[in-house]
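# Summary of structural features
Here are the chains, one letter per residue:
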Amino acid sequence: MPGGIDPHTHLAMEFMGSETIDDFFSGQAAALAGGTTMHIDFVIPVNGSLSAGYKAYVEKAKRSCMDYGFHMAITKWDETVSEDMEIMVKEKGINSFKFFLAYKGSFMVNDELLMEGLKKCKSLGALAMVHAENGDAVFEGQKRMIELGITGPEGHALSRPPVLEGEATARAIRLAGFVNTPLYVVHVMSIDAMEEIARARKSGQRVIGEPVVSGLVLNDSVLWDPDFHFAARYVMSPPIRAPGHGTALQGALATGLLQLVGTDHCTFNSTQKALGIGDFRKIPNGVNGMEERMHLVWDTMVASGQISVTDYVRITSTECARIFNIYPRKGAVLLGSDADIIILNPNSSFEISSKSHHYRTDTNVYEGWRGKGKVEVTIAGGRIVWENDELKVVPGAGKYIEMPPFSYLFDGIDKEDAKYLSSLRAPVKRSTT
Ligand SMILES: NC(=O)NCCC(=O)O
Ligand SMILES: [Zn+2]
């Protein structure tokens, strides 16, 4: 089957101490256990420029073992950002931009900035992505928890309940509808957000929903664990939800209400997570998933009989390639495609442990998980790169994949816009006499 494509990881959270960059480059094997291409979110610190960030990350990515592409996060707005976006799309092969509706005081954008970004994305044929949580309300929720004396990791979940994810998802969807441009909702973690996406799609709106492995297979009980260090490992945003959300998200994937599975891989080690002892707001957000995605989705959804092998290929590979406009080069085994192929043995089993994983980080949120369905061989670009649990490729072998704008999600938007304009019955010609 075609190799996995991870639509969403966080390389550049390294400026916050994340070790993801090492997982990706030095840890090498992580994503090759079934993944052949990854998509990296690349968050520029608020005072940096898009062009400078791009240059820096292109340089680092030269060490990559696997093919990769970039998304870029937009955290502020001015003429330079707008011009840089244009350069990124037209000259650098970036066709998606992420907007954070959460993280008040750092990455968060307000509605005005979001709309500027949506309009710019539309004009460039680039896909707007949103981290959908109401950042102002989360801030309020955090204050409430601290006032109640709730300072541990459970305060993280309690301060940003599903309703705040649902609200931001609905708002982003409506604003994207108002601008009439496609929208991609990253890390959908709750029924509330999923239902907003499903409703919008039913009405014909161009909205894509991406749940992530952690949200599909874990539940929030871990955040109530009496051991701070254990609980803190699971802090990510939006939070891992109460039992019931994950199974509903699996059902939505199975029935096509949600479209593809990401990881939002963004690891922090125990020392970094311990920064939040006594104040959950200081626990760096993020969990692993890059190395486990293909195995866990197979185990929980295919081995359990919930979806077919064809569906598995669609949600782990093909749909991502189509959305980011690199199909059929990626996401397919066809004449002329990149020959990215995995051989997954449904009868062999896997076990996850921080002792054997290929990340730099010292913990694994899926510790002890055993399951069925193991990727035994990964072929990238026609060459075996992973076999017998061994990496057979050297840093630098991965290629940068340019992603052209105007994916299928933009088909027909011009006609819809023309229809809208002709529906206005305005301006009304009036005589002033
Ligand atoms: N998701 C998460 O907790 N960490 C990565 C940054 C983000 O996307 O929120
Ligand atoms: Zn995010």
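The residue numbering used here restarts from 1 in each chain and proceeds along that chain's sequence as written. Starting at A for chains and at 1 for ligands, labels are handed out in the order in which the entities are written. Whole-chain, interface and lining totals are the exception, using all residues; otherwise, since this is a predicted model, local features are given only for residues with pLDDT of at least 70 and side-chain atom pairs are given and counted only at 80 or more.

Moving on to the nonpolar core. Joining buried Ala, Val, Leu, Ile, Met, Phe, Trp, Tyr and Cys residues through C-beta atoms within 7 Å gives a set, and that set is a nonpolar core. Exposed residues have 12 or fewer other C-beta atoms within 10 Å of their own C-beta, buried residues have 20 or more, and residues in between are partly exposed; the C-beta atoms are placed from the backbone. Membership of the largest hydrophobic core comes to 109 residues, with the highest contact counts inside it found for Phe99, Leu101, Ala128, Val130, Ala172 and Val185. Each residue gets a C-beta atom placed from its backbone, and two residues are in contact if those atoms lie within 7 Å. Discounting chain neighbours no more than four positions away, the residues touching Val130 are Phe99, Leu101, Ala172, Leu183, Val185 and Val186.

With an omega of -10°, the peptide bond running from Ser237 to Pro238 counts as cis. Only DSSP runs of H or I covering at least 4 residues are called helices, and only runs of E covering at least 2 are called strands; the numbering of each starts at the N terminus. For Pro238, the position within the fold is in the loop between α10 (228-232) and α11 (245-254). Cis geometry is adopted by the peptide bond preceding Pro427, which originates at Ala426 and carries an omega value of 0°. Mapping Pro427 onto the fold places it in the segment after α15 (413-423). For Ala339, which is not glycine, the phi torsion reads 55° and is therefore positive.

Around ligand 1 there are 10 residues in total, and Met236, Ser237, Cys266, Asn285 and Gly286 lie nearest to it. Residues are sorted three ways: Asp, Glu, Lys and Arg are charged, Ala, Val, Leu, Ile, Met, Phe, Trp, Tyr, Cys and Pro are nonpolar, and all the rest, Gly among them, are polar. Residue composition of the shell around ligand 1, by class: 3 nonpolar, 6 polar and 1 charged. In this entry, near means the residue's backbone-placed C-beta atom lies within 6 Å of the molecule or strand.

UniProt positions are given in the numbering used here, feature names are shortened, and annotations may be inferred rather than shown by experiment. Within the UniProt annotation, "modified residue: N6-carboxylysine" (unreviewed entry) is assigned to Lys98. Within the fold, Lys98 resides in strand β5 (residues 96-100). Note on Lys98: 23 C-beta atoms within 10 Å, which makes it buried. If near-sequence neighbours (up to four positions away) are discounted, Lys98 is found in contact with Asp41, His71, Ala73, Met129, His131 and Val186.

Turning our eyes to something else, we now look at the sheet that holds strand β7 (residues 183-185). What makes two strands pair is DSSP finding at least two bridges between them. The 5 strands are arranged β4-β5-β6-β7-β8 in an open sheet whose pairing can be described as parallel. Of all the strands in the sheet, just β4 (72-73) and β8 (207-209) have a single pairing partner and so form its edges. Sheet analysis places strand β6 (residues 127-131) next to β7, joined by 3 bridges and oriented parallel. Paired with Met129 across the bridge in β7 is Tyr184. A fitted line through C-alpha atoms serves as each axis, taken over the contacting stretch for helices, and the angle formed by two N-to-C directions is quoted from 0 to 180°. Here helix α7 (residues 162-179) sits on the sheet and contacts β6, β7 and β8; the angle it forms with β7, its principal contact strand, is near 170°.

Spanning 14 residues, helix α4 (residues 111-124) covers 20 Å between terminal C-alpha atoms, matching the ideal 20 Å at 1.5 Å per step. Within α4 the residues assigned to the buried category are Leu114, Gly117, Leu118, Lys120 and Cys121. Down the axis of α4, the sector holding all buried residues measures 170°, keeping them to one side. Against α3 (79-92), β5, β6 and α7 lie the buried residues of α4. Following α4 by one or two positions, Gly125 has its phi on the positive side, about 75°. Expected span of a helix, by definition, is 1.5 Å for each gap between consecutive residues, and there is one gap fewer than residues. Here the arc refers to the directions that run from the helix axis out to each C-beta atom.

Positionally, Val365 belongs in the loop between β9 (341-351) and β10 (370-380). Considering only alpha carbons, one finds Val365 and Ser354, 11 residues apart in sequence, at a separation of 8.8 Å. When near neighbours in sequence (up to four residues on either side) are disregarded, Val365 contacts Ser214, Leu218, Arg233, Tyr234, Val287 and Asn288.

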